[in-house]
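Chain residues, written in single-letter form:
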Amino acid sequence: MMFAHGFGCDQEMWRLVVPAFETDHRIVLFDHVGAGNSDLGAYDHATYNSLHGYAADVVEIVRTLGLTDVVFVGHSVSAMIGVLALQAAPELFGGLVMIGPSPRYVDDGDYVGGFSRTDIVGLLDALDANHLGWSAQMAPVIMGTPDRPELTAELTNSFCRTDPDITRHFARVTFLSDNRADLAGVRVPTLVLQCSEDVIAPEAVGRYVHEHIPGSVFTQLAATGHCPHLSAPEETAAAIRAFLPG
Amino acid sequence: MTVTRLQNSGGPGPDEYGPLDHLLEDDPADLYENAPMGYLSTLPDGRIVKVNRTFCDWIGRPADEVLGVRFQELLSMGGRVYYETHLVPLLRMQGAVQEIALDLVRADGTPLACLANAVEIRDDDDAPLLMRATVFEATARRRYERGMLAAQRAAEESELRSLTLQMVVSDLAAAISVEDVASVIVERSREALQARGAALVLVETDPHDPEAAPALQPVRSDGMPDNLLKELRDAAGSQLAVELARGVRSIVLDDRLRSGQPALSAAMAAARLTELVVVPVSADGRRLGVLVLALGDGGDDLIDLEPPDEAARLTTADINLLWTIGRQAGQALERARLHEETARQAERASFLLEAARLLAEAADVAETVDRLAGLVVSRLADVCVVDLDSDEGLVRPAVRHRDPRRAHLAEDLRAHHLPRRSTAHPSVRALRGGSTEWIRTVDDEFLREVAVDDAHLEVMRALDLTAVVAVPLTAEGRQLGVLTIAADAQRGPFTVADVEVAQQLALQLGLVVARAQRFDLAVRTSHALQANLLPPSPPALEGLTIAVRYLAATYGVDVGGDFYDVVQLPGAEVGLAVGDVVGHDITAAATMGQLRSVYRALLADGPAPGAVIERLQAGWPLLSLRRMATALFASLDPVSGRLRIASAGHPPPVLLRGGRAEFLPARPSRMLGAPPSHAIEWNGVLPRGASLILFTDGLVESRSADIDEGFDLLLAAATSAGTSDPDALCDHLLSELTGAHRADDIALLVLTRL
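Residues numbered from 1 in each chain as written. Chains lettered and ligands numbered in written order. Predicted model: local features only at pLDDT ≥ 70, side-chain atom pairs only at ≥ 80, totals over all residues. Heavy atoms only, no water.

Trainee: Any chance you could explain the overall build of chain A here in plain terms?
Mentor: For chain A, the helix and strand inventory stands at 10 helices and 6 strands. Taken across its 246 residues, chain A has 59% of its residues classed as buried. Taking the contacts inside chain A whose residues are at least 6 apart along the sequence as the reference set, 74% of them involve residues at least 24 apart. When the accessible surface of chain A is split by element, carbon and sulfur atoms take 53% of a total near 9,500 Å². (Helix = DSSP H or I, 4+ residues; strand = E, 2+ residues; numbered from the N terminus. Buried < 20%, exposed > 50% of the residue type's maximum accessible area, 1.4 Å probe, protein only. Contact = heavy atoms within 4.5 Å. Areas by Shrake-Rupley, 256 points an atom, 1.4 Å probe, with all protein chains shown as cover.)

So this is what it looks like as structure tokens:
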């Protein structure tokens, strides 16, 4: 099973869910380039100017590790990255779990994504407002300096920190992509996990995804918010377990 | 994971503050409600279960409206996303967050900038029970921070611009050619503005016609759609000079542009461009060209955040940077051009020197022109055609192509003589107008306009021409022809310097053609005149065989006034004459003609040779003959052999008899044109079988400058001839006494009495 974190933090997000699958699955956790402990030097604006850049990384990881029959568990934007990875290399994947997916956040005619353009501008502003804690001195700390734990200890909010410019760009790519047309191409068993009262991926959007992926399973979670794997790890794990064969 | 909780830190006891005691002992509930910060507790899903009055007052809602509402619903949309994607995970993972910037939305819809701290209260199993949060108003701080962030971004951008400029300057220092400069400017400016494409377009002004609209020459273009530059040029049109003077200018794809410049707008829209930026490139106030940058919507597939019409991409700092790059480019271009010009001048000088050498060599016009055309296509152009004006219209003595594989196309051109009346063809226009025609862009419309016929059109199309220059060949105020050079798509356009070289060549070629034409005309005229004046062939006479020869001088117009004459006189006698009018030109030839006519007229009375001389001398002033002449007159009776000879300053005739040759001692009297005097006659007999040789001095002066030596050679030649046949004798004498080059005409008359 391969778990991909969404916009915001990093692979730590999965720590409450992963134990439920460790016993009978090989687990692959990773940070998207630009997030967590990834090599920020590998971040290239042009490559990551679309979700395809991230999807290519997923395929590369799977190939490098020599994996097959992968169940890809993607949260939020990574659910769509999974769709694109499947599109690029369908032979590698055996299942897809989409937690709080949205193929397009911005409203478009009859389609309700939940966000207006003004909302996206507001989001970018919100990111800017939380950027000031970042500085070049902190970068090495955040990128991992195990020999200087005292620095890490001093930091607050460190776990979701990364280069603000990258965060901003990732936000743009996440919230301004439109991958609705890619849904129909998914050919593996797919589970759509829908949270309650999710302001980022409302139920209507989850239903849209479910309706456009042939044969997909839709599971409504009691968990509220956008991160059920944090707020309700047992329920989330159980829903995934129920979806897995055998 | 450690959970941090606020604890009462003790501090000074109440006693120490005297009158403040009652305040400090305030009800904790009041302190909670009216604390100078918002305070609230929520369930793990964000539902607010406790809130203080301060918070309610800030957001303008009573507590009962706030309780039960999820905290994130009180946030702005951006704040909600941040809450879900950052605050919730952080709280779950590390139990506390500090100084999270959030915007609350008040009851009236206005935002309230806040900073929030929060802790997560957990049960024994580490499951979340409650979130406690404190909220501080941070309007002023947020404003300050925004200012800081803006300043930081501005500083970063400024640094980037400085870096760009530094790199431009250092790259330009290493740029030698115009192409180098163009490549630096295009690449660096494109990078600096993250432009989709960039191009450097230079202005070429025709120095001979400063009023003409300047030609635009794209030197380097990266990532620009093919048709965009053309559309831009068409749109700018004659306004270009004005546009250049305006400084950095932005052309945004908006409704105004769409209605005013539909073609340009369509080209921009097709390439998904939103804006063109035009930067003047100048040096010392001279406008050299423009740098064009094409800005697009990022070239990605992301949803547009703003309508493109409203996108204001260029900041003042960007404009200043571009302006500076433009000026740096201008100076570098000037340097590069100076460098290239020096090299080009050396090249041009050597080319013109070679051409001058070629033109100075003696050769006929057709060959000279052809060789020059060969030189032109080796150094200056792809195609070279020379048209010369002639009585038969325009003729094409030279057509050359640089590429031997395409020479057959040029040969096809040779067949198409241009009608002199054509008004469209640049060659004809140059010929008629007497000034250079420079066609900078050759398109199919132009070809159709100038083609003589369909075949001509096909040839010109196949030649793939891009530019044509036609320069008239002018001498002494007349247009003698036209030199036309053309460039094809491989070579690229002509420069002003190329055109100047063509003009210098045309000047030289014009002089050569004029000289050759004048020369040709004079030669043809003299020869025609002389041929008409000489009797075609001597008459057949009873008892005599006669042969005559006339050889013109081999060089130039030096046709002389030599003549011979054989005529049957009234009675049995035959009149013989040879003469030589002084000079070697048309006047001499004309004088000879007159002299012969007068001589013939005199013969009607049957005068003796001496009398002929006397009468001619006496009548010379009346005849207004402009040249003096020598002549020898004789009368011969073929039956008796009686021979009378009189000489007016002319060499004596040779008598060849029995293999022996001698000069007849005819004493010369004064030349014709000299004051009259008594002419002495020689009287004798020409025996049967003997030959009489009459000649002009060209025969004896051909091989030897010394006339006496010449006479000896003549006698020796006559002696060695071994024949008395006049034709054979003539041929023998000429072959013995003359070479390939003759400085003077030769008249030779040989007569044998049977």
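There is more to say after this.
Trainee: Whenever I open this one, the interface of chain A and chain B confuses me. Can you help?
Mentor: Listed per partner, the contact involves 48 residues of chain A and 36 residues of chain B. Of the roughly 3,700 Å² buried at the junction of chain A and chain B (both faces included), carbon and sulfur atoms supply 63%. Inspection of the chain A/chain B interface yields 2 salt bridges. With a closest N to O distance of 2.9 Å, Glu 197 of chain A and Arg 70 of chain B form a salt bridge. At the level of secondary structure, the elements contributing two or more residues to the side of chain A that touches chain B comprise helix H4 (117-129) and helix H7 (164-175) of chain A. Ranked by the residues each element gives to the side of chain A that touches chain B, the list is headed by H4 of chain A, at 12 residues. (Buried area = accessible area lost by both parts, 1.4 Å probe. Salt bridge = Lys/Arg side-chain N within 4 Å of Asp/Glu carboxyl O.)

Trainee: Explain the packing of H4 of chain A against helix H6 (residues 139-173) of chain B here, please?
Mentor: The description of two helices packed together rests on the angle between their axes and the distance between the axes. As a packed pair, H4 of chain A and H6 of chain B sit with axes 10 Å apart at the nearest point and diverge in direction by 90°. Relative to H6 of chain B, H4 of chain A is oriented roughly perpendicular. For the pair formed by H4 of chain A and H6 of chain B, the contact residues are Asp 125, Asp 128 and Ala 129 of chain A on the first element and Arg 142, Glu 145, Arg 146, Leu 149 and Arg 153 of chain B on the second. Partitioning the contact of H4 of chain A with H6 of chain B into residue classes produces 2 nonpolar, no polar and 6 charged. (Axes fitted to C-alpha atoms, helices over the stretch in contact; angles between N-to-C directions. Parallel < 35°, antiparallel > 145°, perpendicular 65-115°, else oblique. Nonpolar A, V, L, I, M, F, W, Y, C, P; charged D, E, K, R; others polar.)

Trainee: What should I look at first to understand the packing of aromatic side chains in this one?
Mentor: The description of an aromatic ring pair uses the distance of the two centres, along with the angle that the planes make with each other. Across all of its chains, the model carries 17 aromatic pairs over all chains by this definition. With 5.0 Å between their ring centres and 55° between their planes, Phe 3 of chain A and Trp 14 of chain A make a pair best called tilted. Placement of Phe 3 of chain A in strand E1 (residues 2-4) and of Trp 14 of chain A in the loop between E1 and helix H1 (19-22) is noted, with a sequence separation of 11 residues between them. With relative accessibility at 0%, the residue Phe 3 of chain A sits in the buried group. Seen in terms of ring centroids, Phe 663 of chain B and Phe 711 of chain B are 5.1 Å apart; in terms of plane orientation they differ by 70°. Their pairing is edge-to-face. Pair noted here: Phe 663 of chain B is in strand E22 (residues 660-663) and Phe 711 of chain B is in helix H22 (residues 707-721), with a separation of 48 residues, a long-range link. Given a relative accessible area of 21%, Phe 663 of chain B falls into the partly exposed group. The buried category is assigned to Phe 711 of chain B, whose relative accessible area is 16%. (Phe/Tyr/Trp six-rings, centres within 6.5 Å; stacked < 30°, edge-to-face > 60°.)

Trainee: Teacher, can you tell me more about the pattern of salt bridges here?
Mentor: Working definition: two side chains of opposite charge can pair if their charged atoms are close together. Residues and elements named next belong to chain B. Scanning the entire structure with this criterion turns up 46 salt bridges over all chains. When the shortest N-O distance is used, the salt bridge between Asp 255 and Arg 258 registers 3.2 Å. Residue Asp 255 and its partner Arg 258 are both found in helix H10 (residues 255-260); the two are separated by 3 residues, about one turn of the helix. The class of Arg 258 is partly exposed, set by a relative accessible area of 35%. For Arg 549, the salt bridge identified is with Asp 727, shortest N-O distance 3.2 Å. Remark: Asp 727 occurs in helix H23 (residues 726-737) and Arg 549 occurs in strand E16 (residues 544-551); sequence separation between them is 178 residues.

Trainee: Is there a simple way to explain the environment of Asp 382 of chain B in this structure?
Mentor: Residue and element names in this part refer to chain B. Structurally, the position occupied by Asp 382 is in the loop between helix H13 (365-379) and strand E11 (383-390). A relative accessible area of 1% places Asp 382 in the buried class. Engagement of the side chain of Asp 382 in a polar contact is seen with the side chain of Arg 402, the distance being 2.4 Å. Only 2.8 Å separates the side chain of Asp 382 from the backbone nitrogen of Asp 488, close enough to count as a polar contact. (Polar contact = N/O pair within 3.5 Å; in protein donor to acceptor, adjacent residues only side chain to side chain.)

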